[in-house]
Amino acid sequence: MSIPVIVFGDAAGRYISAIESQRGQVSVARHAQDFSEVLGFAHTGIARAVLIVGEHEEISRSLLGQLAEQELGIVMVSDPGSEVRSLPYALHISTLDEDSAVLESIVRSVEQGQDAAETAGPGGQVSAGEEVPAQSLPGLAEGQTHPQEDLDYLVDSTDQSPTGEGSPEKKPGQAGRAPGKIVTVWGGAGSPGRSTVAVNLAAFALEKNLRVCLVDADTYAPSVSALLGMLEDYSGLAQMCHVAERQTVTAENISEAVSTIKVAGFFLDILTGITRTNRWAELRSRALAQVLDALRSHYDLVVVDTGALIEADEELSFDGLAPQRNAATITALEKADEIIFLGSGDVLGIPRAIRSFEDLRSLLATAEVAPVISVWINRLRKQAVGSSPEESIRAAWQRFGPHQEIRGFLPYARETIDQSWLGGKTLLESAPKSELSTALRELLTTALEDSPRNQDPSPRRPFSALVVRRTGSSIENPESAGSKGLAQKLARGFSRKS
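Just so it is clear, the structure is predicted and the values come from calculations on it, not from any experiment.

1. Quick look at a negative patch on the surface
A cluster of acidic side chains, namely D34, E37, E57 and E58, defines a negative patch on the protein surface. Tracing the backbone shows E37 in helix α2 (residues 35-44).

2. Describing the packing of helix α7 (residues 236-246) against helix α9 (residues 285-298)
Here α7 crosses α9 at 100°, and the two axes come no closer than 8 Å. As judged from the angle between their axes, α7 and α9 are roughly perpendicular. Contacts from L237, M240, C241, A244 and E245 in α7 reach A287, L288, Q290 and V291 in α9. Grouping the constituent residues of the contact of α7 with α9 by class yields 7 nonpolar, 1 polar and 1 charged.

3. Observations regarding the sheet that holds strand β11 (residues 338-344)
Here 8 strands make up an open sheet; going across it, the order is β8-β9-β7-β10-β6-β11-β12-β13 and the pairing mixed. Looking at the sheet topology across the chains shown, the edges are occupied by β8 (259-263) and β13 (406-411). Sheet twist, expressed as the average angle between the axes of neighbouring strands with direction ignored, equals 25°. Sheet analysis places strand β7 (residues 212-216) next to strand β10 (residues 301-305), joined by 5 bridges and oriented parallel. Looking at β10, one finds that D216 is bridged to D305. The strands touched by helix α13 (residues 389-400) are β11, β12 (372-380) and β13; relative to β13, the strand with the most contacts, the crossing angle is about 140°.

4. Digging into the pairing of β13
Of all 6 residues in β13, 5 are buried; the element is thus mostly enclosed. Pairing geometry for β12 and β13, over 4 bridges, is parallel. Counterpart to V375 in the pairing with β13 is I406.

5. Focus on the pattern of salt bridges
With the rule as written, the count across this model stands at 11 salt bridges. A salt bridge links D99 to R14; its shortest N-O distance comes to 2.8 Å. Of the two residues, D99 sits in helix α4 (residues 99-119) while R14 sits in helix α1 (residues 14-22), which places them 85 residues apart along the sequence. For R14, a relative accessible area of 34% gives the class partly exposed. Across the pair E358 and R361 runs a salt bridge whose closest N-O atoms are separated by 2.8 Å. With E358 and R361 both in helix α11 (residues 349-363), this residue pair falls 3 residues apart, about one helical turn.

6. Quick look at the confidence of the model for the protein chain
For the protein chain, mean pLDDT is 79; residues scoring 70 or higher make up 75% of the total. Averaged over each element, pLDDT in the protein chain is lowest for helix α17 (residues 484-497) (58) and highest for β10 (98). Contacts of residues 117-175 to residues separated by more than four positions or lying in other chains number 101 contacts, the stretch itself having pLDDT below 50. Counting interchain partners and residues more than four positions distant, the pLDDT-below-50 stretch residues 454-482 has 66 contacts.

7. Thoughts on the side chain of R211
Among the secondary structure elements, R211 is positioned in the loop between α5 (194-205) and β7. Classification of R211 as buried rests on a relative accessible area of 6%. At 3.5 Å, the side chain of R211 and the backbone oxygen of H298 are in polar contact.

8. Some details on the layout of surface pockets
For the second largest pocket, the calculated volume is near 240 Å³. Around the second largest pocket sit 16 residues that line it, and S191, G193, R194, S195 and S223 are the ones nearest its centre. With 3 residues, the top contributor of residues to the lining of the second largest pocket is α5. Broken down by class, the residue content of the lining of the second largest pocket amounts to 7 nonpolar, 6 polar and 3 charged.

9. Points about the packing of aromatic side chains
All told, the structure shown has 4 aromatic pairs when counted by the stated rule. Where W186 meets F341, the ring centres are 5.7 Å apart and the plane angle is 50°; that geometry is what we call tilted. Linking W186 in strand β6 (residues 181-186) with F341 in strand β11, this pair joins segments that are 155 residues apart in sequence. Comparing W186 with F341 shows no difference in burial state: the two are buried. By way of ring pairs, the aromatic residues W186, F341, F357 and W397 are connected into one cluster. Across from the ring centre of Y412, 4.7 Å away, lies the NZ or CZ of R381, which sits over that ring.

Conventions and cut-offs
Residues numbered from 1 in each chain as written. Predicted model: local features only at pLDDT ≥ 70, side-chain atom pairs only at ≥ 80, totals over all residues. Heavy atoms only, no water. Patch = residues over 30% accessible without salt bridge, like charges linked within 9 Å, V, L, I, M, F, W, Y side chains within 5 Å. Areas by Shrake-Rupley, 256 points an atom, 1.4 Å probe, with all protein chains shown as cover. Salt bridge = Lys/Arg side-chain N within 4 Å of Asp/Glu carboxyl O. Lys, Arg positive; Asp, Glu negative; His and termini not counted. Charge placed at Lys NZ, Arg CZ, Asp CG, Glu CD. Helix = DSSP H or I, 4+ residues; strand = E, 2+ residues; numbered from the N terminus. Axes fitted to C-alpha atoms, helices over the stretch in contact; angles between N-to-C directions. Parallel < 35°, antiparallel > 145°, perpendicular 65-115°, else oblique. Contact = heavy atoms within 4.5 Å. Nonpolar A, V, L, I, M, F, W, Y, C, P; charged D, E, K, R; others polar. Pairing = 2+ DSSP bridges. Buried < 20%, exposed > 50% of the residue type's maximum accessible area, 1.4 Å probe, protein only. pLDDT = per-residue confidence, 0-100. Polar contact = N/O pair within 3.5 Å; in protein donor to acceptor, adjacent residues only side chain to side chain. 1 Å grid on protein atoms, 1.4 Å probe; cavity = no way out; pocket = protein on both sides within 12 Å on 5 of 7 lines; lining within 4 Å. Points joined across faces, edges and corners; volume = space filled by probe spheres on them. Phe/Tyr/Trp six-rings, centres within 6.5 Å; stacked < 30°, edge-to-face > 60°. Lys NZ or Arg CZ within 6 Å of the ring centre and 35° of its normal.

Next comes the structure, spelled out in structure tokens:
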């Protein structure tokens, strides 16, 4: 078996000379002077392994992941105790080892990559729920663990977050505690209220004595800080992603990155979003995935606010190496245990919601285990859809929407929301007994009671499908529910676009 190798960083030529002198199965294909050259050579397919010598600040988890996706074995040679030795995907060798050990590691990394490819699911990824021995994963030596399986980094016997009245007593990373739940709030274009629902969902969860972290992963219009009156020019999420690119996330990293505010006597931890929209490239998919895994082990509930767009077209990235702006939202949806899907309760919002649900279904179609998707219609009001808004929207959704029940409705409360925004407060503080607060508590209860990741996304029914009565529904025919006006408008809209 011939193994051409790309060598990077061997300025003294020690390992290049060792490879060329042995005249065996390992040979030098290219000697790269810059890591961008390594990535370029990797995509040409001229090599089967990469040898990285020394410490290089530009090397991150995401970049090594791109090499691993090309099915290349990765060997890193560094000083004992070096920080780069915590990076995944690679076999780590000490500069004190013999040259022969490096050559053996190159061969072993390629063999392990072949074993992992044989056990991987579609697209080269290990199927969800499938246990693969550590030594069969690309770039992992015997005894090492896959980065997403390594949860020991969160064991910490001291509580590093503030405690106060009503604060839960659980310690961060407490041994033996069950992993927390990730709830991602998402809805398509048209501002259906993602940020407002996410912020208040996290706030009401504090009433249940849960350790809660609110994450702002919107790469287009991050607004959690503004809604809560936080004026600091600092992105906790970007900092966490930078850490995740170069090392395993620890409880100390989380404590340093989160901002903690007091909400009605409780304490809410927040990973603030990017401070300028041109910083979206800092939220790379692999790094964000590790951050969410770490937060899941650190908190009882992680609520993620996202952007509206989820297109994953390769043309958006221009080439295989560039980050994608929608990757943060896509990652948050794929890592979620439950997705709160929001639509706006009016003649524009319902068609948008139906099409957005189809986009979400397509995105999650390849997921081995799909998140629970809970559909909620926001801003419900008679003025927009008629005298019986709930029945009208249920009937229209039943006729034109997917095979997915509407879980509930959130009333339109413009004055209540405006007052909350003006004061930089949550509804738990400004209007805890309002009708909207009651509905949000109901939403939270259903989200916490749902079993995680057990519901497959359902396909949208054809436009011509007959309306049939569903279990627990009093709607048999849209027109009998007094929703003829809304149904007719939706029918005209879909017909014109068909």
